[in-house]
Structure formats: structure tokens, C-alpha cells
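# Observations on the three-dimensional arrangement
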Amino acid sequence: MAEVINLSIEEDLAIISFNNPPVNSLGLAVRKGLVEALNAAENNVNVRAIILIGEGSTFPAGADIKEFGHPPQEPHLPAICDKIEKTKKPVISALHGTALGGGLEIALSSHYRIASEKTKIGLPEVHLGLLPGAGGTQRLPRLAGIVPALKIMTSGNPISSTEALKIGIIDKIAEDLLLNAKSFARENMGKNNYPITSNIQDKIIDSEENRGAIKSFREELQKKARGLLAPQKIVDCVEASLSLKIEDGLKFERNAFSELMATKQSKALIHAFFAERKSAKIPEIARATHRSISSLGVIGGGTMGSGITVAALNAGLHVKMIEKDKDSIDRGIRNVRKVYERDVEKGRMNLEKKEKILSNYEPSTDMQNLSQVDMVIEAVYEEMEIKKSVFRKLDKIAKDGAVLASNTSYLNIDEIASVTKRPQDVIGLHFFSPANIMRLLEIVIPGKVADDVVATGFHLAKRMKKVPVRAGNCDGFIGNRILSTYGEAAGYIMEDGASPYEIDKAIVNFGYPMGPYQMFDLAGGDIGWATRKRKSATRNPKLRYVEISDRLCENGWFGQKTGRGFYRYTEGERRGKEDPEVLNIIQIEREKKGIKPKDFSEEEILRRYLGAMINESAKVIEENMALRPSDIDVTKLYGYGFPRHKGGPMHYADTYGLNKILDDLNAFSEEDPVFWSPSQLIVDLVSSGKNFNSLNK
Ligand code: T1G
């Protein structure tokens, strides 16, 4: 018996436990061991019931995703579930932790399911571009009903055991799972319906109501899951369960699963799953242990400072917020309290939890209060001299060994560190707004920082449930540096003939939630304008510069905040209308440069927009400003709206074909070699027949 599966016989019970840390994923060894254990239990005449239970942190959390992309090996999970269902002795699954995917499907094929209070159950396959492929689409609707089953499978979100009990997925909630599983087994194995013939075999009623539910679900998914294949296929499988016996329904599901496994969307989503976990693997953690962090200082109570404060409070930290004067700290307090008041209002939190969290919040105007905190995060106005003055004071106040972090989004961390006597303790933590919601955190590494300070930044990220990316200390770090390049490319396309509205449409059709000019209007054109003015002194005079956005900003058209930017906004409407005056301004700018506008297809817009993004990303890699291409994917997926089912710019480039990217860059270089010359990394990868993924070690 493989040690990943243990079988113990206790009088008339067989207890089969999963022991494959960290999440008891159902890899080949586990599946083989499980079949052996089930056979042994079934053939043992003393055994009258079988219990399945997880050791460690959880009941199996699903199939082994690392096996995907390789030829599946027997025994396959659907066959195991089938075997469990047809076992003549009652099988009880005892669920704790996160019973997800194939793990839950094993439980669904069991005859009974009990769970502890804190257990979460779910079918997250849709997040991988897949569907529950071991019977979930056929068994769950039979247990829970069509609509709850569709919600669980197309959202991929876990539900609580209380919710699961309510809708009939589990039979009992109990603590001390094994003890209760044993008594539950003994209560049930004598029942007159022994051997158990689960109601799973019943067909679902093919009613008008069920057909109607499926129809409205499909329509909802057209909007909510625009362009995604897996959710619609899940509905196909549930619809099939209305007319097919379960055996045929399972075959239908298996075919649909195999089709999805072969799609680019699934490969991209599986890449994103592992990329998100790989970004936390950095050399510094291998060399040093993080410092302990229990108290945090946050300087600044504005949007960023209050967002960071909430993220830290939610991570269980004690937070001292500092502002310069009473009005400012009162504003900071309002900003923080407003978040929790909304959580209570929306039922996401009860009053008791809110007050408990806020008991860890200590706002003040006295910086001396930071003398004993373990870490300070500065989130003051984005102006170097202001930041330097804060760090000079911090250098005198903070205790030895305190980590001093700046939340700057582009200023030079080395320069900030240089005003302290402890550059080894200074690091960049670039949060994305709203900092209590956005999961991306760029951890910026200055030249003199100590390894354990970097490790501490990653430790804080984990506690805040952030997705950390190690970034070099260049202008714009990773995300904003690449953004400014493809933003310039969009400007060239616009000046050469496409309207901002055509460009936005092409980018939205690719899968982004909005295009660059909708983003300009949302974020506020004044911010980018300030950056362009800041960079103007050092701008490469050979680099083409488009002045269209400056013209709008000179008019005070900063976007939604001023009622017009590239679009015009009527009062209270977030969706803007195209503006003929903007098109006039663009035409005037073209005429100033003697540009005869040409047409751009959506495909041409994308080749340029994505080409610029991928080329700059490659330069970030070759300059070691990012550790690996998948870290750039993570940055763009979590901070800039790159469609997750395309995997991020680097994965997309590999899928599109790096040779085709190089051909595009070479073609565009004919027009403008300064902007479009291909990065040496892309040239080298193409000539060696490799791709970006070959660097994702
Ligand atoms: N397979 C392989 N490795 C996995 C894994 C899985 N299912 N889940 C986690 N890991 C690795 C992960 O890469 C990381 O590795 C370590 O475990 C800790 O993970 C037939 C086809 C369970 C909620 O999608 O949601 O079943 O980085 O950092 O924050 O229908 O892991 O340490 O080397 O995320 O405590 C369906 C995916 C699969 C669940 C725990 N199941 N996992 O979160 O730890 S498809 C899933 C999670 C399927 C069937 C279909 C989370 C977690 P490393 P972690 P965590």
C-alpha cells in the first residue's frame, strides 16, 4: 500500500486516509493506493463500512494539476468515483480543510458526507479552464439541484459546510470528524437500504423550470464570463443530465472535459495558477529568514495609506497610522472606518468582527509613536523631497531592525534609502489601488537591501494574501514601465489613423475589461500628464512623442473626474460617449506632423499594442528587473487587467509564436527603429528555437 494512502481496519470499519501533503492532491500514486485500499476493504468480510478521510490540512483538494498536459495514467479518477459509488458497503467521506475539485467528486460518489464547521467545499475547475471531470457535473445537480450546482461549478468559488448542508451536499456537520464518521457509519450500516443504493442514480426531472433555469444561466454567462469556454460547457453537461442516464451523462462529461483540456484557454489558466505561486520563490528566501512583523506603522492616511492600513488590519497586524495634522488624520480615520462600515452594511462582516479589527488600529499625528513598530510603510505624496524628509525622520525614530518601506510607484528606492544610515533596511512595497483589494504587490529591491528584509516583504505579502513580484529598481519597476511603453504604442496607432475608440474596442475584444483611453479617463489624465512632464527633461529626443493627451490635459479634460477626457460623461454615467471634439484635436495633431491617417484593423492594433508590451517585457527580463517571464505575466494579470484566459503577455507570446512576434517587431522597426527594435532576448530565443517559458525556472 503506497504510504500516500493508509488503510486501517478498526473492528467492522475500514479507515482509508490520504497522506499526500500539502493538499492531498490526487496524483497517480494516491489513485493507485486508493484503489488498492478500496479493494482490500471491500474484500475484508469483517468490514461493514468504509471511511475516507484526509490527513494534514485538508481532504483532497483536487486532481494533481502538475499531471495536466501529460498523458493521463490509470487508474483515472472518474473510474475510481464510479467504483466508490458501486461499492456494496457504505462509504462515508469525512471532509475538512478545502475539499475541492476531484476531492469533492470523490465525496460526491460516496454514499454519505460529513464535514466540520470550517470546511470549505467547491469545484474550482472552471478557474483552470476545465470542468469537474470525475462526475461532478452529473452528481452535484442530483444532490443539490440544478441552480445551486450551476452556481458552484461556473463560479468555481467554494461554499461553507453550513451552506452545503442546507442544499443537501453534505449529510452532517460535526467536529472530531473521525469519531463522528465512525458513529455515523455504525448508525447507517444497519439501515434497511443496505447495501446503499445512492439516490445519485435518479435522473433529474426534465421540467420546464429546469430548462428555464439552464437557459437564463446561459444568458447570464454570456455577460459575466464573456469569451470563456468552460462555463458554457459546464452548462452543456448539466443540460445533458436532464435527458441522459448517469452512465451516458458521465461519458458526455468526459468528452467535454477532454475538449477543454486541449484548449489554449485551459493551458493559459493553468499557467497562471502556477505562475502566481512561483513568483513567491525568490533567491533571498533561500538565503535568509524573514524578520517577525506584528506591529506596522503606516505614514499617510490618503487613498494608499488607508488601503494599506486596511490590508494590514485584515492580516491581523497592529497598525499605527500617522498623519501630519488633525484634519489629515481625521480624513485617514474616515477612510479606514468607511471600508469596514461598508463590509458590515453588505453583510460581509458583523459588528463584533469590525470592532475587533479596529481595536488594532491606532491613528495619531505623532511620528514618535513609530519608535517600536517592526515595519513602517510610507505612503505620502509622490514627491522625492517629501519622501526623503519622511525617511530622514524615520531613520532617527524607528527602532534598530525595523523595516522601512516606501509605497512609491516609480521613484528611485536607492535614492530614498540614501538619506538613511540603514539602507540595508529600506525596501520598496508598491501596492496597487485600492490596496485592500488589489492583490498585486511589487516588491522593489534596492542595491543595499538585506536579504532578510526582502524575505520580510514577501512574508508580509503572504500574510496580506497578496501576490508578490520581485521587481528591480528601474523607472516604473515592472508594471508601470511596461505600461508606459504600450501606452506610447497606442498613441502612435492613434496619431497614425485609428481613433481612440477603435483602439479601446480592439483591446476590450481581446479580453481586457477596458481599453487604454477608457483607463486614461478612469485613472485621471492628470496623473500621466505629470509623469510625462517629469520625464520630459530626460526623454530621448529621437523617440517619437505624441502630444494628443497633452492637448486634452491642457483643456483640463482629465477624464471621468472632470466630466470629459477622451470620452464625454453625462452626470452620473460611468460609460462615456465618443467626442467629436477629441477627434478634431487628433486630426489637428496629425496635420501638424503631416501624417495622412490610415486604417487599422483590430488585428493590426493588437499586433502593435501587444508587440510593444512583449518587447518591453523582454527588456525587463534581460535587464534582470524581473526574475522570470511568468513574473511579468503575474504582474500584468493581477495589476493591469490582462485577460487571465490568455495567461499574461509572456505566455501569450509563446502561444502566438515568438518568431511571429519578432517578424512584427522587425516590420514595425522599418517605420521607427528607435521604438520598435526587437529586444536581444527575443532575437536570441527565436534563433535558439526557445520561448519565454524556457526561462521560467
Ligand atoms: N495539484 C497540484 N499541486 C497543487 C494543487 C493541485 N490541485 N493545489 C495546490 N497545489 C500546490 C501549489 O502549487 C503549491 O505548491 C502548494 O500546493 C500549496 O498551494 C478531475 C480535473 C487547496 C486552496 O483547482 O486552490 O480536480 O508552490 O500555495 O494557499 O474534476 O492550493 O508549494 O510548490 O495554493 O494553502 C481542482 C487548487 C484541480 C485546487 C490551498 N482543484 N489549489 O491554498 O496553498 S482540477 C484546484 C488551491 C480537478 C477534477 C479536476 C489551493 C488550496 P508549491 P497553495 P494554499
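Structure's up top.
Overview of the structure. If you're wondering where the values come from, they're calculated on a predicted model, not measured in any experiment. Residue indices begin from 1 for each chain and proceed along its sequence in written order. Owing to the predicted nature of the model, reporting of local features is limited to residues with pLDDT of at least 70; listing and counting of side-chain atom pairs is limited to 80 or more, with chain, interface and lining totals taken over all residues. Values shown for side chains rest on all heavy atoms present in the structure; no hydrogens or waters enter the calculation.

## Looking at the overall build of the chain
Only DSSP runs of H or I reaching four residues or more are called helices, and only runs of E reaching two or more are called strands; each is numbered from the N terminus. When you go through the chain residue by residue, the secondary structure sums to 30 helices and 19 strands. Note that the radius of gyration is over C-alpha atoms, with the globule rule given as 2.2 Å times the number of residues to the power 0.38. The C-alpha radius of gyration of the chain comes to 28 Å, within 12% of the 26 Å expected for a compact globule of 697 residues. Along the three orthogonal principal directions, the C-alpha set of the chain runs to about 85 × 60 × 55 Å. When each of the 697 residues of the chain is scored for burial, the buried share is 56%. Between buried and exposed lies partly exposed: a residue is buried under 20% and exposed over 50% of the maximum accessible area for its type, with that area taken using a 1.4 Å probe on protein chains only.

## Remarks on the nonpolar core
Throughout this description, the term nonpolar core refers to a set of buried Ala, Val, Leu, Ile, Met, Phe, Trp, Tyr and Cys residues connected via side-chain atoms within 4.5 Å. Core analysis: the largest hydrophobic core is formed by 94 residues, its most contacted members being Leu370, Leu394, Phe566, Leu610, Ile614 and Phe692. Among the elements that take part in this core, helix H25 (residues 602-622) stands out by supplying ten residues, more than any other. Other than its neighbours up to four places away in sequence, Phe566 contacts Met494, Pro500, Tyr501, Tyr517, Phe520, Asp521, Ile548, Ser549, Leu552, Asp579 and Val582. By size, the runner-up hydrophobic cluster in this structure holds 64 residues, among which are Leu26, Ile80, Ala213 and Ile270. Note on definitions: a residue-residue contact is assigned when non-hydrogen atoms from the two residues lie within 4.5 Å.

## Here we look at the pairing of strand E4 (residues 91-95)
Counting buried positions over the five residues of E4 gives five, a clear majority of the element. Neither face of E4 is left uncovered, since the one carrying Val91, Ser93 and Leu95 and the one carrying Ile92 and Ala94 both have all their residues buried. Any two strands with at least two DSSP-identified bridges between them are counted as paired. Looking at chain direction, strand E3 (residues 49-54) and E4 are connected through four bridges and run parallel. When the bridges of E4 are listed, Ile51 appears paired with Ile92. With strands facing away from the observer, any crossover in which the path from the first strand over the helix to the second runs clockwise is taken as right-handed. The parallel pair E3 and E4, bridged by helix H2 (residues 77-86), forms a crossover whose chirality is right-handed. Inspection of the sheet shows E4 paired to strand E6 (residues 112-115) by four bridges, in the parallel sense. Paired with Ile92 across the strands is Tyr112, a residue of E6.

## Focus: the pairing of strand E10 (residues 295-299)
The buried fraction of E10 amounts to five of the five residues, a majority that puts the element mostly inside the structure. Here E10 shows a buried face lined by Ser295, Gly297 and Ile299 and a second buried face lined by Leu296 and Val298. Here E10 runs beside strand E11 (residues 318-322); their pairing, made up of five bridges, is parallel. Directly across from Ser295, in E11, lies its bridge partner His318. Traced from E10 through helix H13 (residues 303-314) to E11, the parallel crossover comes out right-handed. Across four bridges, E10 lies against strand E13 (residues 375-378) in parallel orientation. Across the sheet, residue Ile299 finds its bridge partner in E13, namely Glu378.

## Here we look at the environment of Glu42
Positionally, Glu42 belongs in helix H1 (residues 28-43). Classification of Glu42 by relative accessible area gives partly exposed; the value is 26%. In this structure the C-alpha to C-alpha distance between Glu42 and Val235, which are 193 residues apart in sequence, comes to 36 Å.

## Digging into the sheet that holds strand E7 (residues 120-122)
The mixed open sheet is built from three strands, whose spatial order is E5-E7-E8. Bordering the open sheet on either side are strand E5 (98-100) and strand E8 (159-160), each of which pairs with just one other strand. Sheet topology places E7 next to E8; two bridges connect them, and they run antiparallel. Across the sheet, the residue bridging to Ile121 is Ile159, located in E8. Helix H3 (residues 102-109) rests against E5 and E7 of the sheet, and its axis sits at about 80° to E5. Here an axis means a line fitted to C-alpha atoms, over the contact stretch when the element is a helix, while the angle between two N-to-C directions is reported on a 0 to 180 degree scale.

## Observations concerning the site of the ligand
For the ligand, the set of nearby residues contains 26 residues, the closest of which are Ala63, Glu105, Glu125, Arg277 and Lys281. What qualifies as a polar contact is a pair of N or O atoms within 3.5 Å, subject to a donor-acceptor requirement within protein and to the restriction that residues adjacent in sequence count only when both atoms come from side chains. Within the backbone of Ile65, one N or O atom sits 2.9 Å away from a nitrogen atom of the ligand. Where accessible areas are quoted, they stem from the Shrake-Rupley method and a 1.4 Å probe; at the residue level, only the protein chains shown are allowed to cover. Compared with its free state, where it exposes 1000 Å², the ligand has 73% of that area covered by protein. The leading source of residues in the shell around the ligand is helix H11 (residues 264-278), at three residues. Each residue receives one of three labels: charged for Asp, Glu, Lys and Arg, nonpolar for Ala, Val, Leu, Ile, Met, Phe, Trp, Tyr, Cys and Pro, and polar for the others, Gly being one of them. Split by residue class, the shell around the ligand holds 14 nonpolar, six polar and six charged. We call a residue near a molecule or strand whenever a single non-hydrogen atom of that residue lies within 4 Å of it.

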